[in-house]
Amino acid sequence: MTTERHESRTRLLDAALDVFRARGYAATRVDDICAAAGLTKGSFFHHFKTKDELAIAAAGRWTEVTGALFRDADYNRPDDPLDRLLGYLDFRKSLLRGSLAEYTCLLGTLVQEVYDTNPPIRMACEASLSSHVAMLARDIEAARLLYAPDASWSSEGLALHIQAVIQGSFVIAKAHHGSGPAADSFDHLKRYVAGLFGRTVR
């Protein structure tokens, strides 16, 4: 693939991340993606046969973009895994800025619409979510071994719960059309998680 072709594909994928989050999957047209990317429909169909194919690729692009964002974030610096875990929650809360489409999750938006009607897109989203859960579960397991070795819950289960609360907070933010309730939800989540490890936070 030439550099120019690679760049046009990436522009379409990045446009899809924004437009799908802003408009939803069903309401998004190929024309909307092309307009946001500044490319023609001919360019779109050169890279993707259908909008479904684009959505599957967009889930992979989301993994790539957000993976780098979380990997390079400052919350990873502490040696203590619990500090990293709580720092992760603070970092997620700090991302609640800008428009709803800027801070809500592509995967949650897509899954809510297509979970029962488009298995390939659902599976692409599940794969991306699972990779993030696995990343988070590593710090949870390290913190569990240090601070709660007798805990009956699993690290993966807690990682999934954290993601469930985060995704739910985005739904609440959409319902209220603002990030305030979502920010409160993050604060409650941090207090809950800290308490599992015997730590108290405000």
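Residues numbered from 1 in each chain as written. Predicted model: local features only at pLDDT ≥ 70, side-chain atom pairs only at ≥ 80, totals over all residues. Heavy atoms only, no water.

**What about the overall build of the protein chain?**
The condition is simple: Going along the chain from the N terminus, every DSSP run of H or I of four or more residues is numbered as a helix, and every run of E of two or more is numbered as a strand. Here the globule rule is a power law, 2.2 Å times the number of residues to the power 0.38, and the radius of gyration is based on C-alpha atoms.
Scanning the protein chain for helices and strands turns up ten helices and zero strands. In sequence order, the protein chain lays out its α and β elements as α-α-α-α-α-α-α-α-α-α. Taken against the 2.2 N^0.38 rule, which gives 17 Å for 202 residues, the C-alpha radius of gyration of the protein chain at 18 Å falls within 12% of a compact globule. C-alpha extents for the protein chain along the principal axes are approximately 60 × 40 × 30 Å.

**Regarding helix α9 (residues 155-176)**
As a reminder, the rule being used: Given the number of residues in a helix, its expected span is that number minus one, multiplied by 1.5 Å. Burial classes: relative accessible area under 20% of the type maximum marks a residue as buried, over 50% as exposed, and values in between as partly exposed (1.4 Å probe, protein chains only). The contact criterion used is simple: two residues touch if any of their non-hydrogen atoms lie within 4.5 Å.
Across its 22 residues, α9 extends 32 Å between first and last C-alpha, which sits within 8% of the 32 Å expected from 1.5 Å per residue. For α9, the complete set of buried residues consists of Ser155, Leu158, Ala159, Ile162, Gln163, Ile166, Gln167, Ser169, Phe170 and Ala173. Elements in contact with the buried residues of α9: α5 (81-94), α6 (100-103), α7 (106-114), α8 (119-147) and α10 (180-196). One or two steps after α9, the chain reaches histidine 177, where phi turns positive at roughly 55 degrees.

**Description of unusual backbone geometry**
In the Ramachandran plot, histidine 177 falls in the positive-phi region, its phi being about 55 degrees despite a non-glycine side chain. Residue classification places histidine 177 among the exposed positions, given a relative accessible area of 66%.

**Section: α10**
Within an α-helix, residues lying three or four positions from one another point in the same direction, as the helix has 3.6 residues per turn. What counts, and what does not: Directions drawn from the helix axis to the C-beta atoms are what define this arc.
Across its 17 residues, α10 extends 25 Å between first and last C-alpha, which sits within 8% of the 24 Å expected from 1.5 Å per residue. Within α10 the residues assigned to the buried category are Ala182, Ala183, Ser185, Phe186, Leu189, Lys190, Val193 and Ala194. With its buried residues spanning 165 degrees around the axis, α10 presents them on a single face. Backbone geometry just downstream of α10 places glycine 198 in the positive-phi region, at approximately 75 degrees.

Read these as geometric descriptors, not functional statements.
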